[in-house]
Amino acid sequence: MAVVLGPNRYGKAETRVVRVTRDGGAHRVKDVNVSVALSGDMEDVHLTGDNAAVLPTDSQKNTVFAFAKKHGIAAIEDFGLLLARHFVDSQPTISHARVEIHEYGWERITGGHSFVRSGGEVRTAVVHGDGEGGGESVVSGLRDLVVLNSTGSEFHGFVEDEYTTLAPTGDRILATAVTAQWRHRGTDTRWDDSYRAAREALLMAFAETHSLSLQQTLFQMGRRVLEARAELCEVRLSMPNKHHFLVDLEPFGMDNDNEVYFAADRPYGLIEGTVRADDAPPAPAAWN
Ligand SMILES: O=c1[nH]c(=O)c2[nH]c(=O)[nH]c2[nH]1
């Protein structure tokens, strides 16, 4: 039996960078978490310990900080593309770069330099690049977008076996924390506009769908994003069903007309799916 090296990659994960841009007294803050993973000519380092092809992960981290200073951080997709191109184009031993960036939003409170962390959600981007002339792909998205409908949600007509105790309902709370990724057809995109519109489409679809299941809501959310944005071709959604159970108040002589709920944190149903345009090109590296 011969033993061979399989697919591999390496890089500095989770470099946390805060970039302050000072326009006079009005500051702007970009708060990001950058993970780089490089691959290429890495047989020797694994098989013999020869590091001649290895750009240290420490240098990768330093590059992230230096690029934040030199180029600033515009849309995280732009910053990811800059870094991916740099690593592949400057290093003969590196043929592919993956850069994943998470962004934490800050809103100005008052004056020029006081901020409050906005929402709980995190904006995400994954960029893959093979260097100049090679393929590039971008997947954008968000995590932890927490939403709740206090009515407009039903769940009934489901399978009932000998273990089913769930009562059908015509009116329940529907709540979830959306993780979504959407893939771009190309890289010539106004990333911030695209992100804002996709996020808005997700929210509007969640709010406006009279839901018969979280699965149905999921499909409507993905569909709305694709219908709103021609530059996008596929949406992947992962949504925990954050169950809210009506509390039995009868022992206290009170009724409960959908007013008092117990918000359970676990277990939760986990509803996941992708919604695709029927002309979507084959999925690129950033998607998988
Ligand atoms: O929207 C729902 N989908 C399910 O598949 C499911 N299963 C369950 O117990 N409650 C729910 N709700």
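Residues numbered from 1 in each chain as written. Predicted model: local features only at pLDDT ≥ 70, side-chain atom pairs only at ≥ 80, totals over all residues.

You'll find the protein chain entered in an unreviewed UniProt entry as Uricase, with Actinomadura livida given as the organism. The annotation that UniProt attaches to the protein chain under Function (unreviewed entry) is "Catalyzes the oxidation of uric acid to 5-hydroxyisourate, which is further processed to form (S)-allantoin." (UniProt positions renumbered as here; feature names shortened; annotations may be inferred.)

Enquirer: Would you explain the overall build of the protein chain in this entry?
Expert: Broken down by element type, the protein chain carries 5 helices and 10 strands. Reported as C-alpha extents along the three principal axes, the dimensions of the protein chain are approximately 75 × 65 × 40 Å. Looking at the protein chain as a whole, 30% of its 288 residues are labelled buried. In the protein chain, of all internal contacts separated by at least 6 residues, the share reaching a separation of at least 24 is 65%. (Helix = DSSP H or I, 4+ residues; strand = E, 2+ residues; numbered from the N terminus. Buried ≥ 20, exposed ≤ 12 C-beta atoms within 10 Å, placed from the backbone. Contact = placed C-beta atoms within 7 Å.)

Enquirer: Even after reading the chapter, I still don't get the packing of helix α2 (residues 57–71) against helix α3 (residues 76–90), so can you show me in this structure?
Expert: To characterise two packed helices, one gives the angle between the axes of the helices and the distance between these axes. Two numbers describe how α2 lies on α3: the axes approach to 11 Å, and their chain directions differ by 125 degrees. In terms of their interaxial angle, α2 and α3 are classed as oblique. Every pair of crossing elements has a handedness; the one defined by α2 and α3 is right-handed. Packed against α2, whose contacting residues are Thr-63, Val-64, Phe-67 and His-71, the element α3 presents Leu-82, Leu-83 and His-86 at the interface. Of the residues contributing to the contact of α2 with α3, the split by class is 4 nonpolar, 3 polar and no charged. (Axes fitted to C-alpha atoms, helices over the stretch in contact; angles between N-to-C directions. Parallel < 35°, antiparallel > 145°, perpendicular 65-115°, else oblique. Left-handed = near helix turned anticlockwise from the far one by under 90°. Nonpolar A, V, L, I, M, F, W, Y, C, P; charged D, E, K, R; others polar.)

Enquirer: Explanation requested: the pairing of strand β6 (residues 174–184) in the structure shown.
Expert: Regular strands place side chains that alternate from one sheet face to the opposite one. Burial within β6 is extensive, with 9 of its 11 residues counted as buried. Sheet topology places strand β5 (residues 136–149) next to β6; 9 bridges connect them, and they run antiparallel. Along β6, the bridge assignment pairs Gly-141 with Gln-181. As paired strands, β6 and strand β7 (residues 232–241) are joined by 6 bridges and run antiparallel to one another. (Pairing = 2+ DSSP bridges.)

Enquirer: Is there a simple way to think about α2 in this case?
Expert: An α-helical turn contains 3.6 residues, so any two residues separated by three or four positions project in the same direction. Relative to the 21 Å expected for 15 residues at 1.5 Å per residue, α2 spans 21 Å between its end C-alpha atoms, a close match to the ideal helical length. Buried within α2 we find Gln-60, Thr-63 and Val-64. Buried residues of α2 fall within an arc of 100 degrees about the axis and therefore sit on the same side. Residues of α2 that are exposed and point more than 90 degrees away from the buried face comprise Asp-58, Ala-66 and Lys-69. Of the surrounding elements, those touching the buried residues of α2 are β1 (15–23), β2 (26–40) and α3. Looking one or two places after α2, you find Gly-72, whose phi comes out positive at around 70 degrees. (Expected span 1.5 Å × (residues − 1). Arc of directions from axis to C-beta.)

Enquirer: Please explain the pairing of strand β3 (residues 94–108) as it appears in this structure.
Expert: Two strands pair when backbone bridges link them, and β2 and β3 are joined in this way by 10 bridges, in the antiparallel orientation. Residue pairing across strands places Val-34 opposite Ile-101, the latter belonging to β3. Sheet topology places β3 next to strand β4 (residues 115–129); 11 bridges connect them, and they run antiparallel. Opposite Ile-101, over in β4, you have Ala-125 as the bridge partner. Taking the residues between adjacent antiparallel strands as the criterion, β3 and β4 are bridged by 6 residues, where Gly-111 takes a positive phi near 65 degrees.

Enquirer: Help me understand the UniProt feature "binding site: 5-hydroxyisourate" (unreviewed entry) in the protein chain, please; the structure alone is not making it clear to me.
Expert: The positions that UniProt labels "binding site: 5-hydroxyisourate" (unreviewed entry) are, in the present scheme, Thr-57, Phe-155, Arg-172, Gln-215 and Asn-241. Across 185 residues in sequence, these annotated residues place their C-alpha atoms as far as 49.8 Å from one another, rather than forming a single compact spot. Turning to its location among the elements, Thr-57 is positioned in helix α2. Each residue touching Thr-57, except ones within four places of it in the same chain, is listed here: Tyr-10, Gly-11 and Lys-12. Summarising the element assignment, Gln-215 is placed in helix α5 (residues 214–228).

Enquirer: How should I be thinking about the site of the ligand in this particular structure?
Expert: The environment of the ligand is formed by Phe-155, Leu-166, Ser-213, Leu-214, Gln-215, Asn-241 and Gly-269. Grouping the constituent residues of the shell around the ligand by class yields 3 nonpolar, 4 polar and no charged. (Near = placed C-beta within 6 Å.)

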